[in-house]
Amino acid sequence: MSTTRRSLLQIAGASGALSMMGCRASSTPSTPTPAPSATVTPGPGNPFGLASGSSVSVLVDETEFGRDILERAATLLTTRSVPARATTSGTKTIAADVLSRLAEDNPPDALLSGGLGGLALAELTGQVTDLTPALTSSGQQLVAGTTAAGGLGDTLVSIPWVREVRGQWYSSTVFKQYGWTAPTTWDELHALGHAARSKGMYLFGRGRQGAVDLARMVVASAIKEGGDEVRTPLETLAADCWGLAPVQRALAHLAGIIADGLIHPDGRGDSAEDALGRWAQDRTIAIMPGGSSVPWRSRQLAATDFQIALAPDPSVTAAPTLGKGAAQVGFGSWLAVPQQAPNRAGGLALVEACLDPAVAGAFTTEHFALTTVAGATGAPTGEHGRAALAAQQAVVEASGDSTCTWLASDRYGLGPDLSVLFTALMDADLGVATLTKELQALTDRVRDDPGTTHFPV
């Protein structure tokens, strides 16, 4: 099996020096063992050759939306003309679990990956089934860019199911209380941090996920500022991509915020839930950078008067190339079917069921997030969910075709390394110059590794 580099960076000793402690294995891609032949011949009404009543095992990353994310699709499978029974198992370490099971020839029939420790798309290359037949059979249209994000060449290695909307989440109640407005530039964001400190709050929180979200904010801000001249080098992991002027300016702004003590001093090892509690429950954090799962994961933490709201990431200057409305409107929660799956036909049928508009709409209703299924709509019943969904829809509409999403992080599995490096920045173990050097070394290693699959831009 071929895997991509999953380096583990650690901050060493009191000196704060960085050391490399482990690297992923890399080898020439091998030919996967063919999955067992279907016992049913594919045909009209049964395009995948699914055996009636068969069991479909699904492994789900439960760090973003929980295990129940696929319940509707599983129910739909039981009502089809060729019924099947899907059983889901949840994990908070899906990348490690999937790669281990693939190596042991014990893969699930389908998987849904996302979150900080999600599978890199490059790690799926050569190990998964082309999902084009499932998309074609569903008869559904996906929002623009979905198949490009989940594909490699002519192979649809995965289908992202969530229309990921990232930015600055905040409480409109708190902002109204203090007369604050959502920041549109780093200068405004910095000023908001000082205003928050005067009220006993901090601008940002800590934690492993928070560090990655701040890294994404920096990159999105730089892309917003410089457009494709910045986006393309970052997506291709080009030499000196971290040295580009817009990236450096965004990093300098973040370093200034850290130096002024505007990030919560506690919670270095916070889980995503811990950080959300500081923001939505304790209200000691003004801004929660993050994606579409933030509203759902904070639903039981936020009081009825919280009034969740969302603003795009800040721009470096007041006149960015892509416009102030440009936002991280991308893709998350990736569906895939291993080639060696015992019931590969069942995995394809499960993916097809996920693309049903009713299933997608139910997800939006229950989890307050958009899906990539074009035209699917939902209507959350609670005020928190309604406000969150409306906020995401407004950001998507305002951004239009101007998006500043960075796909490379998910494609190459950079999240864990970014978390370590940006945590070191927050701890003052790294300055901007050294951070830039380490970031460039990381992306250079991934780009130049013989086992790395390179995605088109």
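The shown structure was predicted, so the numbers you read here are calculated from the model rather than taken from an experiment.

(A) Representation of empty space enclosed by the protein in the model. On inspection of all chains with the given rule, the structure shows seven cavities of 30 Å³ or more. Roughly 70 Å³ of internal volume is contained in the largest cavity. In terms of lining residues, the largest cavity is bounded by 13 residues, among which Gln209, Gly210, Asp213, Ala272 and Met288 are the most central. Residue assignment for the lining of the largest cavity shows that the elements contributing at least two residues are α8 (208-226), α11 (272-281), β7 (288-290) and α12 (293-297). Along the lines of polarity and charge, the residues of the lining of the largest cavity split into six nonpolar, four polar and three charged. When its volume is computed, the second largest cavity comes out at roughly 50 Å³. Surrounding the second largest cavity, Phe204, Gly205, Arg206, Gly210, Leu214, Ala275, Ile285, Ile287, Met288 and Pro289 form its lining. Looking at the lining of the second largest cavity, the elements that each hand over two or more residues are α8 and β7. A per-class count over the lining of the second largest cavity returns seven nonpolar, two polar and one charged.

(B) Broad picture of the layout of surface pockets. For the second largest pocket, the calculated volume is near 450 Å³. For the second largest pocket, the lining is made up of 19 residues, of which Gly145, Arg231, Phe331, Thr403 and Leu407 are closest to its centre. Broken down by element, the residue count for the lining of the second largest pocket peaks at three residues, all from strand β9 (residues 328-336). Here the residues of the lining of the second largest pocket sort into nine nonpolar, five polar and five charged.

(C) The arrangement of the pattern of salt bridges in detail. Tallied over the entire structure, the rule returns nine salt bridges. With a closest N to O distance of 2.4 Å, Glu366 and Arg72 form a salt bridge. With Glu366 in helix α14 (residues 357-367) and Arg72 in helix α1 (residues 71-79), this pair connects stretches of sequence that are 294 residues apart. Residues Glu352 and Arg80 are paired through a salt bridge, measuring 3.7 Å at the closest nitrogen-oxygen approach. Taken together, the residues Glu352 in helix α13 (residues 344-354) and Arg80 in the loop between α1 and β4 (84-91) connect sequence positions 272 residues apart. On the accessibility criterion, Arg80 (27% relative accessible area) is partly exposed. Through salt bridges with shared partners, a single ionic network connects Asp444, Arg447 and Asp448.

(D) Structural context of the confidence of the model for the chain. Averaged over all residues, the pLDDT of the chain is 90; the fraction at 70 or higher stands at 91%. This stretch, residues 1-38, has a pLDDT under 50; its non-local contacts, to residues over four places away or in other chains, come to 91 contacts.

(E) Fine view of the pairing of strand β3 (residues 54-61). With six of its eight residues buried, β3 lies for the most part within the structure. Strand direction decides the pairing type here: β3 and β4, joined by eight bridges, are parallel. Across the sheet, Ser54 pairs through a bridge with Ala84, a residue of β4. As for the winding sense of the linkage, the β-α-β connection from β3 through α1 to β4 is right-handed. Bridging between β3 and strand β5 (residues 110-113) involves three bridges; their strand directions are parallel. Counterpart to Val60 in the pairing with β5 is Leu112.

(F) Examining the environment of Ala191 more closely. With respect to the element layout, Ala191 can be found in helix α7 (residues 186-198). Note: C-alpha distance between Ala191 and Leu203 (twelve residues apart in sequence) is 9.7 Å.

(G) Region of the structure containing unusual backbone geometry. Unlike most non-glycine residues, Leu237 shows phi in positive territory, near 55°. Note that Leu237 resides in the loop between α9 (228-235) and α10 (245-259). Even without a glycine there, the phi angle at Gln307 is positive, about 55°. Counting through the fold element by element, Gln307 comes out in the loop between α12 and β8 (308-311). The partly exposed category is assigned to Gln307, whose relative accessible area is 39%.

What counts as what
Residues numbered from 1 in each chain as written. Predicted model: local features only at pLDDT ≥ 70, side-chain atom pairs only at ≥ 80, totals over all residues. Heavy atoms only, no water. 1 Å grid on protein atoms, 1.4 Å probe; cavity = no way out; pocket = protein on both sides within 12 Å on 5 of 7 lines; lining within 4 Å. Points joined across faces, edges and corners; volume = space filled by probe spheres on them. Helix = DSSP H or I, 4+ residues; strand = E, 2+ residues; numbered from the N terminus. Nonpolar A, V, L, I, M, F, W, Y, C, P; charged D, E, K, R; others polar. Salt bridge = Lys/Arg side-chain N within 4 Å of Asp/Glu carboxyl O. Buried < 20%, exposed > 50% of the residue type's maximum accessible area, 1.4 Å probe, protein only. pLDDT = per-residue confidence, 0-100. Contact = heavy atoms within 4.5 Å. Pairing = 2+ DSSP bridges. Right-handed = clockwise from strand over helix to strand, strands pointing away.

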